[in-house]
There are 2 protein chains.
Amino acid sequence: MKNILTTLALALALTFSLQAQELTNFAFWGNQKPIVSPEIVGDSVTFRLKADYATIVKLSGSWMPNPWTGTIDMTRGENNVWEVKIPLPDPELYTYNFVVDGVSVNDPQNVLVQRDGTRYLPMLIVPGQRTENYVEATQHGTVSHPWYHSDLLGMDRRLTVYTPYGYEKNTKKKYPVLYLLHGAGGDEEAWISMGRTAQILDNLIEKGLAEPMIVVMPNGNANQAAARTLNIPEKPMANRWDREAFEKMSEAERDLIMNGYVRSLCTEIVPFIEKNFRAIAKPSARAIAGLSMGGGHTISASILYPELFDYICPLSAAGSATPEQIAALKKAGVKLYFLACGNTDFLFKGAEEMHAKLLEQGLDHEYFVSDGGHVWANWRLYLNTFAPKLFK
Amino acid sequence: MKNILTTLALALALTFSLQAQELTNFAFWGNQKPIVSPEIVGDSVTFRLKADYATIVKLSGSWMPNPWTGTIDMTRGENNVWEVKIPLPDPELYTYNFVVDGVSVNDPQNVLVQRDGTRYLPMLIVPGQRTENYVEATQHGTVSHPWYHSDLLGMDRRLTVYTPYGYEKNTKKKYPVLYLLHGAGGDEEAWISMGRTAQILDNLIEKGLAEPMIVVMPNGNANQAAARTLNIPEKPMANRWDREAFEKMSEAERDLIMNGYVRSLCTEIVPFIEKNFRAIAKPSARAIAGLSMGGGHTISASILYPELFDYICPLSAAGSATPEQIAALKKAGVKLYFLACGNTDFLFKGAEEMHAKLLEQGLDHEYFVSDGGHVWANWRLYLNTFAPKLFK
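All values derive from a computational prediction rather than experimental measurement.

Trainee: Just checking my understanding: could you explain the overall build of chain A for this structure?
Mentor: What chain A contains, in helices and strands, is 9 helices and 20 strands. Overall, the C-alpha framework of chain A stretches about 70 × 55 × 45 Å when taken along its three principal axes. Counting the 392 residues in chain A, one finds 58% classified as buried. Of all intrachain contacts in chain A linking residues separated by at least 6 positions in sequence, the fraction that spans at least 24 positions is 71%. Each charge sign in chain A was given a centre, from 37 positive and 42 negative side chains, and these centres are 5 Å apart.

What follows is the structure, encoded as structure tokens:
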């Protein structure tokens, strides 16, 4: 028994001494009571940062009217813990950071972090109806990162794939697939990290609100094999922005520049998924949705391959279609056309025009206008709104 | 053609305007030439950080003799870009951070980041023979995060699983499996993030040095469903450290506290993997390795289930075995026993003792002593060293 207890004591000691195995800077840690940040109490939230030698500490948050420049001053308190207490913003998932003497600093107390490009940002999730599907459900799907080979783009490329809870157990069941596309500046992890796709789908499926489905999130940057965080050199896109060179190209070369990624998605990724996952391989079990640049990709895919997807959801889309293209799509058949945009989005005019064109051509669609602009708060809301309408 | 070029121009504009879709603080960005950091030129490396209003900026790095307290002063240069140039440390993967007026700050220019607990740290990879397998290979395996159900621990628990390049294509092929365990303070992503497991295996397999294998990295904290970054409440471990309560428990209750995770690994995770992946289900195709606390788990597994694994690799292990237990293991048969430790590790004495006991009992083994202590630099080296010896 003594040996066992010695082992227990050793394990306990190790747990604390090795909590962080290669931490390189404990300078700002003290022996005081643990710092809690952010701390939501009632209808306010308090942020705290220990900063012994700072002159000015500020808080910047995505709920602020102008988060790019707006900040709130924090006050130095006991033990040089800087603090600010603010009224709780409306329920939503926000990001924030501290600004210490002009330099952006993350919150070392906050375990919830998202990645935007190559930047990691702490999250504040204000509880409420709006965010109830953004936190972990009880039952979890599997997130994986397979690589597919693209002959068109000349490289192996990384995907993010979500398979729903039960996929491993129900070995005979086949699932419908949502292809979910990110915007400019994003990559194959954008929808998982900023979009909370796994949490939203887990919750919707667990509540019986959405069909169990596979979600495929490719990398939409045709010159990238994977997210920049993997540090794989990008492929040079010869003459991509050189007008004179572009004019001299063959139609095939131009098409590769304009549509290479969308063609890879529709002729390489879709077959890869339908071969390697238990996916139902027919249009009524395929949906495509995308935000901003990915909304443009969504529209392009529906134009280039009108038979492929029965569910089409352009979100805050950078792209449009001609009346003829919409007519062709209507003829091919669409079960759901979900067009969404924020009413202060800089692309809102394009959404209004697209809505009008769809009306003109008599293509049944749902036009979903939300408050706000070109932000993830809207894209999470859209996913949470259209996912329950798919494959039913 | 004009429409196409307008679209191109719009796409280009979007690419830049949306590079970061929800950045909340551009205060420290300017219009000057891009800042490069870290920049390796010849045998030196330069770190740079723009910090307009800072008083003191320092650099802390894991190559320093005492990285927990040691730092190097940086110098303010043109446009408030602080800079320091140092001799290039020996080839290795290091982490570092800036200290701005006493507060730890990451390098916004560096895309390479690892996670240690809930802390994200920039990496510096100094090229050389030691690190050639720590960077991306050409052919990539798939990393996934399935959840297995543990009846023993009473929850669904998240795994990290690496399947080698070609796994998707070679649908008839079955693979051997390495179970790779983290230390205290770690979680199911520690070996992938700090350990560079995917990169090391990709490189070894691509070079023909290691057999294509599946690698399973569970969460070794019996009270956790997943890494703390998922923010799932931990299970209270009743009376775990209460000696009096422990003495009053039944043997079964004590065993669950002492061995719950190892039993879940051997009787729940191994069957889950062998059911859901194309794994070869026999001892000669199973290896177990673990660092520190995970080295203890490795030894425990070899004691409790001596028939299960033919390859056993305790690394800087917090644990040991009795002569009788070693004799039982010898009788069960071991193809490789790889015992490794750093010669300045605080657990080195335990490794020496274990080595002596293995010699005494005549259990053939490899004793691998490296320079250095209880650090990831050693654990990456060990993985890179023993993986080529498995399943041959």
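Trainee: I tried to follow the state of the cysteines on my own but got confused; where do I start?
Mentor: Here, the word disulfide means a covalent bond between the sulfur atoms of two cysteines. With the rule as written, the count across this model stands at 0 disulfides over all chains. As a non-bridged cysteine, Cys313 of chain A has Cys341 of chain A as the owner of its nearest cysteine sulfur, 14 Å distant.

Trainee: I would appreciate a short explanation of the pairing of strand β12 (residues 147–150) of chain A in the present structure.
Mentor: Regular strands have side chains that alternate between both faces of the sheet. All names here are of chain A. Strand direction decides the pairing type here: β12 and strand β13 (residues 155–158), joined by 4 bridges, are antiparallel. Within β13, the residue paired with Ser150 across the bridge is Met155. Between β12 and β13, which pair antiparallel and follow one another directly, the connecting turn spans 4 residues, one of which, Gly154, has a positive phi of 70 degrees.

Trainee: Please clarify how helix α9 (residues 376–386) of chain B should be interpreted in this entry.
Mentor: Each α-helix winds once per 3.6 residues, and so residues spaced three or four apart point in a common direction. Burial runs high along α9 of chain B: 11 of the 11 residues are buried. Taken residue by residue, α9 of chain B has Trp376, Ala377, Asn378, Trp379, Arg380, Leu381, Tyr382, Leu383, Asn384, Thr385 and Phe386 of chain B as its buried positions.

Trainee: Just checking my understanding: could you explain the sheet that holds strand β1 (residues 39–41) of chain A for this structure?
Mentor: The strands making up a sheet associate through hydrogen bonds between their backbones, and the pairing can be parallel or antiparallel. Residues and elements named next belong to chain A. Taken in spatial order, the 4 strands of this open sheet run β1-β2-β6-β5, and their pairing is antiparallel. The outermost strands of the open sheet, each flanked by one partner alone, are β1 and β5 (75–76). Alignment of β5 against strand β6 (residues 81–87), held across 2 bridges, turns out to be antiparallel. Residue Thr75 lies in a different strand from β6, and its bridge partner there is Glu83.

Rules behind the numbers
Residues numbered from 1 in each chain as written. Chains lettered and ligands numbered in written order. Predicted model: local features only at pLDDT ≥ 70, side-chain atom pairs only at ≥ 80, totals over all residues. Heavy atoms only, no water. Helix = DSSP H or I, 4+ residues; strand = E, 2+ residues; numbered from the N terminus. Buried < 20%, exposed > 50% of the residue type's maximum accessible area, 1.4 Å probe, protein only. Contact = heavy atoms within 4.5 Å. Lys, Arg positive; Asp, Glu negative; His and termini not counted. Charge placed at Lys NZ, Arg CZ, Asp CG, Glu CD. Disulfide = S-S within 2.5 Å. Pairing = 2+ DSSP bridges.

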